[in-house]
Amino acid sequence: MVNSYHGVPTRKGRIFNIRFLKGALYIICGTVLFFLVAPVFIVIPISFSSATYLEFPPKSLSLQWYEDYFGSHKWLSATYLSFKVGILTMLISSFIGTLAAFSLVRGKFRGKSLLYSLILSPMIIPVIVVAIALYFFYSKLQLIGSYWAVVFGHVTIATPFVVVVVSSTLQGFDETLEYAAMSLGANKLKTFYFVTFPIIKLGILSGGLFAFITSFDELLIALFLCGYKGTIPKVMWEGIRVDITPTISAVSSLLIVFSFLLFATYAIVRMKSDSKSSKKAY
């Protein structure tokens, strides 16, 4: 029992309540993380199975499904197309999203909140609706099957992530640094390159990373716009429909490792940047 005096918890009682709440929070967070990570511990072992079908746990180990992936022209061409579309989407979305973020944060004009809502609408509207609309639009332009159609389709849904991240970065930016640079003779271009960009570059990098992941992992727009070609998600979806083989688990495992390395690299770059900033401030 919790000791109390006239219904008021004592210090021991408060400490007990705090520890109980922390313990309950750790249990809930651990349970959520387990259900999020559990599929990873299932997919990766399956990719090393020697069986000709999905089997967990695998009875024997083999690298044949990784060999099947690296020896397949279909899978390698899909990988190349996914990287090509993802990198182009990242670059275009970062450029457009950064300009839009500056306009929304620094600009003073009517309808700014409405414009912000319109830019963020692809995050709210179901992707299937966006994919159908893009299909009818690009079919009239005879661009179905072109990777540029997929790129611009992915830019539509990826740009809002860049706008949100860069806008939040600009909210905490001290504009007096720009004024000081311009007062010393720097024009707007030099001020942006030497003052503004070094401070907000991590925000732009974060938004670009989200744009790349959004494009690399997107399926519905690729289904409607790729034509006979295919990105990795499209080829995986077709493989699940037609012939389920452990090659899909091998590809999934490679994507998991790639995503982990991507975010780990970003974390290291951010830590180094923060340490440099702290040293300069000191």
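Each remark here, short or long, concerns the structure printed above.
Trainee: Outline the overall build of the protein chain, listing residues and values.
Mentor: Scanning the protein chain for helices and strands turns up 11 helices and two strands. Scanning the protein chain from its N terminus toward the C terminus, one meets helices and strands in the order β-β-α-α-α-α-α-α-α-α-α-α-α. Once the C-alpha set of the protein chain is aligned to its principal axes, its extents read approximately 65 × 60 × 40 Å. A fraction of 68% describes how many contacts in the protein chain between residues 6 or more apart in sequence connect residues 24 or more apart. Carbon and sulfur atoms make up 70% of the accessible area of the protein chain, which totals about 18100 Å². The average position of the 24 basic charges and that of the 11 acidic charges among the side chains of the protein chain differ by 13 Å.

Trainee: How would you summarise the side chain of Ser215 if you had to cite specific residues and measurements?
Mentor: Here Ser215 is to be found in helix H8 (residues 188–216). Given the relative accessible area of 5%, Ser215 is considered buried. Not counting residues up to four positions away in its chain, the partners in contact with Ser215 are Val85, Gly86, Thr89 and His154.

Trainee: Run through the pattern of salt bridges, naming residues and quoting values.
Mentor: With the rule as written, the count across this model stands at one salt bridge. In this structure, Glu238 engages Lys234 in a salt bridge whose closest nitrogen and oxygen atoms are separated by 2.6 Å. Placement of the pair is Glu238 and Lys234 together in helix H10 (residues 232–242), with a separation of four residues, close to one helical turn. We classify Glu238 as partly exposed; its relative accessible area is 32%. According to the relative accessible area criterion, Lys234 is buried, its value standing at 4%.

Trainee: Provide a residue-level description of the packing of helix H3 (residues 73–106) against H8, including the pertinent values.
Mentor: Running from N to C, H3 and H8 cross one another at 135°; their axes reach a closest spacing of 8 Å. In this view, H3 runs oblique relative to H8, as classed from their interaxial angle. Along this stretch, H3 crosses H8, giving a crossing that reads as right-handed. Of H8, the residues touching H3 (which contributes Ser82, Phe83, Val85, Gly86, Ile87, Thr89, Met90, Ser93, Ser94, Thr98 and Phe102) are Phe192, Thr196, Ile200, Ile204, Gly208, Ala211, Phe212, Ser215 and Phe216. Broken down by class, the residue content of the contact of H3 with H8 amounts to 11 nonpolar, nine polar and no charged.

Trainee: Run through the side chain of His154, naming residues and quoting values.
Mentor: Within the secondary structure, His154 sits in helix H6 (residues 147–171). Look at His154 and you get buried, because its relative accessible area is 1%. Aside from chain neighbours lying at most four places away, what touches His154 is Val85, Thr89, Ser215, Glu218, Ile221 and Ala222.

Trainee: Quick one: what's the story with the packing of aromatic side chains, residue by residue and with numbers?
Mentor: In the structure shown here, the tally under the stated rule is 16 aromatic pairs. On the basis of an interplanar angle of 40° and a centroid distance of 6.2 Å, the ring pair of Phe83 and Phe212 is categorised as tilted. A residue pair is termed long-range when its members are at least 10 positions apart, and Phe83 in helix H3 and Phe212 in helix H8 qualify at 129 residues. Residue class for Phe83 comes out partly exposed when judged on its relative accessible area of 29%. Taking 5.3 Å as the distance between ring centres and 75° as the angle between the ring planes, the aromatic pair formed by Phe83 and Phe258 counts as edge-to-face.

What counts, and where the lines are drawn
- Residues numbered from 1 in each chain as written.
- Predicted model: local features only at pLDDT ≥ 70, side-chain atom pairs only at ≥ 80, totals over all residues.
- Heavy atoms only, no water.
- Helix = DSSP H or I, 4+ residues; strand = E, 2+ residues; numbered from the N terminus.
- Contact = heavy atoms within 4.5 Å.
- Areas by Shrake-Rupley, 256 points an atom, 1.4 Å probe, with all protein chains shown as cover.
- Lys, Arg positive; Asp, Glu negative; His and termini not counted.
- Charge placed at Lys NZ, Arg CZ, Asp CG, Glu CD.
- Buried < 20%, exposed > 50% of the residue type's maximum accessible area, 1.4 Å probe, protein only.
- Salt bridge = Lys/Arg side-chain N within 4 Å of Asp/Glu carboxyl O.
- Axes fitted to C-alpha atoms, helices over the stretch in contact; angles between N-to-C directions.
- Parallel < 35°, antiparallel > 145°, perpendicular 65-115°, else oblique.
- Left-handed = near helix turned anticlockwise from the far one by under 90°.
- Nonpolar A, V, L, I, M, F, W, Y, C, P; charged D, E, K, R; others polar.
- Phe/Tyr/Trp six-rings, centres within 6.5 Å; stacked < 30°, edge-to-face > 60°.

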